[in-house]
Amino acid sequence: MPPDLPPVIRTIAMPADTNPAGDIFGGWLMAHMDLAAGSLATRRARGRTATVAVEAMSFISPVLVGDEVSFYGEIVATGRTSLKVHIEAWRRPRADDEAVMVTEATFTFVSIGEDRRPRLLPPAQNGPATG
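First, a word on scope: everything that follows refers to the structure included in this document.

Helix and strand content of the chain: one helix and five strands. In sequence order, the chain lays out its α and β elements as β-α-β-β-β-β. Computed over its C-alpha atoms, the radius of gyration of the chain comes to 16 Å, within 12% of the 14 Å expected for a compact globule of 131 residues. Across the 131 residues in the chain, those meeting the buried criterion constitute 39%. Summarising the internal contacts of the chain: among those between residues at least 6 apart in sequence, 69% fall at separations of at least 24. Looking at the chain as shown, the accessible area adds up to about 7400 Å², and 53% of this sits on carbon and sulfur atoms. Across the chain, the 13 positively charged side chains and the 15 negatively charged ones have centroids separated by 12 Å.

Shown next as structure tokens:
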């Protein structure tokens with residue numbers, strides 16, 4: 001069952017997102033996960049962030065053309081200038097209600113200033129850890 005959070009991003013896997021064998025590229029999934037994680041990181045940092053690491057990622061279930069893919073995330077740790085965002089990707093066939101987790105990973109971001117150098121994270125605002 002998907003997390004009890006609203007998805008950060010939801011999209012449909014299209015034929016243009018496939019490899020020559022007709023499977024959805026893992027890189028397509030990872031790019032969407034990075035977009036979702038970056039959205040949460042930027043909101044928490046109240047400014048620009050950069051992805052600096054992605055922890056191990058394994059593909060649990062394939063994504064098929066036409067599947068609706070939802071990306072759920074939450075901030076799981078913060079440091080002085082960095083934060084970690086855990087993202088799960090879930091797929092649902094368009095004509096079905098059952099969702100299946102496809103992959104998950106934790107992305108590390110650094111808050112950066114106009115000079116593109118690390119800057120301190122601002123104090124956390126009240127509200128959920130999801131952004």
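Text resumes after the structure shown.
Ranked by internal contacts, the top residues of the largest apolar core, which has 23 residues, are Leu29, Phe71, Val85 and Ile87. Within the residue set of this core, elements represented by two or more residues are helix H1 (26-45), strand E3 (68-78), strand E4 (82-92) and strand E5 (100-111). With eight residues, H1 is the largest single contributor of residues to this core. Ignoring any residue separated from it by four or fewer positions in sequence, one finds Val85 in contact with Ala37, Leu40, Ala41, Glu74, Ile75, Ala105, Thr106, Phe107 and Phe109.

With that settled, the discussion passes to the environment of His86. Topologically, His86 is positioned in strand E4. Among the polar contacts made by the side chain of His86, one reaches the side chain of Glu104 at a distance of 2.9 Å.

The next point concerns H1. In a regular helix each residue adds 1.5 Å, so 20 residues correspond to 28 Å; H1 covers 28 Å between its end C-alpha atoms and thus fits that length. Along H1, the residues classified as buried are Trp28, Leu29, His32, Met33, Ala36, Ala37, Gly38, Leu40, Ala41, Arg44 and Ala45. Among the structural elements, strand E1 (9-12), strand E2 (49-54), E3, E4 and E5 are those in contact with the buried residues of H1. Of the residues one or two after H1, Arg46 is the one with positive phi, at around 50°.

Another aspect to go through is the sheet that holds E2. Sheet architecture is open: five strands sit in the order E1-E3-E4-E5-E2, paired in antiparallel fashion. Two strands close off the open sheet at either side, each with one partner strand: E1 and E2. Pairwise comparison of adjacent strand axes, ignoring direction, gives a mean angle of 30° for this sheet. Of the strand pairs in this sheet, E1 and E3 are connected by four bridges, and their pairing is antiparallel. In the strand pairing of E3, Arg10 is matched with Ser70. Its contacts with the sheet place H1 against E1, E2, E3, E4 and E5, and it is angled at close to 45° to E5.

Each value, and the rule that gives it
- Residues numbered from 1 in each chain as written.
- Predicted model: local features only at pLDDT ≥ 70, side-chain atom pairs only at ≥ 80, totals over all residues.
- Heavy atoms only, no water.
- Helix = DSSP H or I, 4+ residues; strand = E, 2+ residues; numbered from the N terminus.
- Rg over C-alpha atoms; globule rule 2.2 N^0.38 Å.
- Buried < 20%, exposed > 50% of the residue type's maximum accessible area, 1.4 Å probe, protein only.
- Contact = heavy atoms within 4.5 Å.
- Areas by Shrake-Rupley, 256 points an atom, 1.4 Å probe, with all protein chains shown as cover.
- Lys, Arg positive; Asp, Glu negative; His and termini not counted.
- Charge placed at Lys NZ, Arg CZ, Asp CG, Glu CD.
- Core = buried A, V, L, I, M, F, W, Y, C linked by side-chain atoms within 4.5 Å.
- Polar contact = N/O pair within 3.5 Å; in protein donor to acceptor, adjacent residues only side chain to side chain.
- Expected span 1.5 Å × (residues − 1).
- Pairing = 2+ DSSP bridges.
- Axes fitted to C-alpha atoms, helices over the stretch in contact; angles between N-to-C directions.

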